[in-house]
Amino acid sequence: MPGTAPAAPQIRVDHSLPVPLYHQISEPLRKLITSGELEPGTRLEDELSMAKRLGVSRPTARRALQNLVDLGLVIRKRAIGTIVAPKAIHRDLELTSLFEDLNRAGKKPTTKVLQYAIETAPSHVADALGIDQNEPVTHIRRLRLADGEPLAIMTNYIPVDIAPPPAELDKHGLYQAMKNHSFQVRTAHQKISARKTTQAESELLKESRGAAVLTMERIGYDAEGRAIEYGTHVYRASLYSFTMNLTNN
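Cut-offs applied
Residues numbered from 1 in each chain as written. Predicted model: local features only at pLDDT ≥ 70, side-chain atom pairs only at ≥ 80, totals over all residues. Heavy atoms only, no water. Helix = DSSP H or I, 4+ residues; strand = E, 2+ residues; numbered from the N terminus. Buried < 20%, exposed > 50% of the residue type's maximum accessible area, 1.4 Å probe, protein only. Contact = heavy atoms within 4.5 Å. Areas by Shrake-Rupley, 256 points an atom, 1.4 Å probe, with all protein chains shown as cover. Salt bridge = Lys/Arg side-chain N within 4 Å of Asp/Glu carboxyl O. pLDDT = per-residue confidence, 0-100. Axes fitted to C-alpha atoms, helices over the stretch in contact; angles between N-to-C directions. Left-handed = near helix turned anticlockwise from the far one by under 90°. Nonpolar A, V, L, I, M, F, W, Y, C, P; charged D, E, K, R; others polar. Phe/Tyr/Trp six-rings, centres within 6.5 Å; stacked < 30°, edge-to-face > 60°. Lys NZ or Arg CZ within 6 Å of the ring centre and 35° of its normal. Pairing = 2+ DSSP bridges. Parallel < 35°, antiparallel > 145°, perpendicular 65-115°, else oblique.

In the nomenclature of an unreviewed UniProt entry, the protein chain corresponds to GntR family transcriptional regulator from the organism Winkia neuii.

Helix and strand content of the protein chain: eight helices and ten strands. For the protein chain, the residues scored as buried account for 44% of the 249 residues in total. Partitioning the contacts of the protein chain with sequence separation of at least 6, the portion at a separation of at least 24 is 58%. About 13300 Å² of surface is accessible on the protein chain, with carbon and sulfur atoms providing 51% of the total.

All right, on to the pattern of salt bridges then. If you walk through the whole model with that rule in mind, you get ten salt bridges. Where Arg 236 meets Glu 207, a salt bridge forms, and the shortest distance between an N and an O atom there is 3.0 Å. Within this pair, whereas Arg 236 is found in strand E9 (residues 227-236), its partner Glu 207 is found in the loop between helix H8 (199-205) and strand E8 (212-221), the two being separated by 29 residues in sequence. On the basis of relative accessibility, which here comes to 0%, the residue Arg 236 falls in the buried class.

This part is about the confidence of the model for the protein chain. Atom-level detail of predicted coordinates should not be read off regions where pLDDT is low. For the protein chain, the mean per-residue pLDDT works out to 84, and 86% of the residues sit at or above 70. At the level of individual helices and strands, the protein chain shows its lowest average pLDDT in strand E3 (residues 89-92), which scores 48, and its highest in strand E5 (residues 136-146), which scores 94. Predicted confidence for residues 90-94 stays below pLDDT 50, and this span has 21 contacts to residues more than four positions away or in other chains.

For the pair helix H2 (residues 47-54) and helix H3 (residues 58-70), the least separation of the axes is 8 Å and the interaxial angle reads 120°. For the pair H2 and H3, the sense of crossing is right-handed. Residues Glu 47, Leu 48, Met 50 and Ala 51 of H2 form the contact with H3, whose own contacting residues are Arg 58, Ala 61, Arg 62 and Leu 65. Class assignment for the residues of the contact of H2 with H3 results in five nonpolar, no polar and three charged.

At Ser 182, a residue that is not glycine, the phi angle is positive and equals roughly 70°. Examined against the element boundaries, Ser 182 turns out to sit in the loop between helix H7 (174-179) and strand E7 (187-196). Classification of Ser 182 as exposed rests on a relative accessible area of 71%. Even without glycine at this site, Lys 206 takes up a positive phi of about 60°.

Counted by the stated rule, this structure contains one aromatic pair. The ring of Tyr 22 carries the charged tip of Arg 63 above its face, separated from the ring centre by 4.0 Å.

Attention now goes to the sheet that holds E7. Strand order across the open sheet formed by six strands is E4-E5-E6-E9-E8-E7, with antiparallel pairing between neighbours. Two strands in the sheet have a free side with no partner beyond their single neighbour: strand E4 (109-120) and E7. Geometrically, the sheet is characterised by an average inter-axis angle of 15° between neighbouring strands, direction not taken into account. Where E7 and E8 come together, ten bridges link them in antiparallel fashion. The partner of Arg 195 across the bridge, within E8, is Val 213.

Moving on, we get to the packing of helix H1 (residues 21-34) against H3. Close contact between H1 and H3 brings their axes to 8 Å; oriented N to C, the two are set at 40°. Between H1 and H3, the angle is such that the two are oblique. Two packed elements cross with a definite hand, and for H1 against H3 that hand is right-handed. Packed against H1, whose contacting residues are Leu 21, Tyr 22, Ile 25, Ser 26, Leu 29 and Arg 30, the element H3 presents Thr 60, Arg 63, Ala 64, Asn 67 and Leu 68 at the interface. A per-class count over the contact of H1 with H3 returns six nonpolar, three polar and two charged.

What follows is the structure in structure tokens.
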């Protein structure tokens, strides 16, 4: 935390070993984090202090910390430094909302509605929803947080007659809000990819520029087969993952 001294665990670095120095630093830290000895939210010493204390170069210390970032074990925050990442949230690939998944994982979900507007459907949205390009849709953009930590940016396009009012999106997930008005996504087609953040996404998610994110594109259908939702979501890869079960028939 900003007002507490950073953690500086005792690490032995041996320059005579063939093991790279950065690995001699990052591996003990990895074990302390995964064992829970270094708890989520613990602030680590900066690379300059680490380099001086352990007798290594600053690039070596920087590489050790970056290795932990790449593993999703620590995150870097402006004006705070390097902190142990919250425990990752794993999401099964099933037709649920992120709001519901966070509740099931014991996290407290909150939502900031960034945009709620009725506009003409872009061509790719019209194609996904099976509507004319000049037909209006409700464009919703939200920031989802878990225990106060930014986790995902969610963009959805929904037919105007189906979209729930914005006030409900502060309290419920999209699917629950739709269900409250007798509309329900029964089946969906989705695609999961990965890429790096844009500058705007980095600022919203409090990630460094170019950090890895998972993306999901989904088209949701009601019981009659009508497309009632088109969504594109961006998740912090350092805090979030998808899991699936596979069978061989």
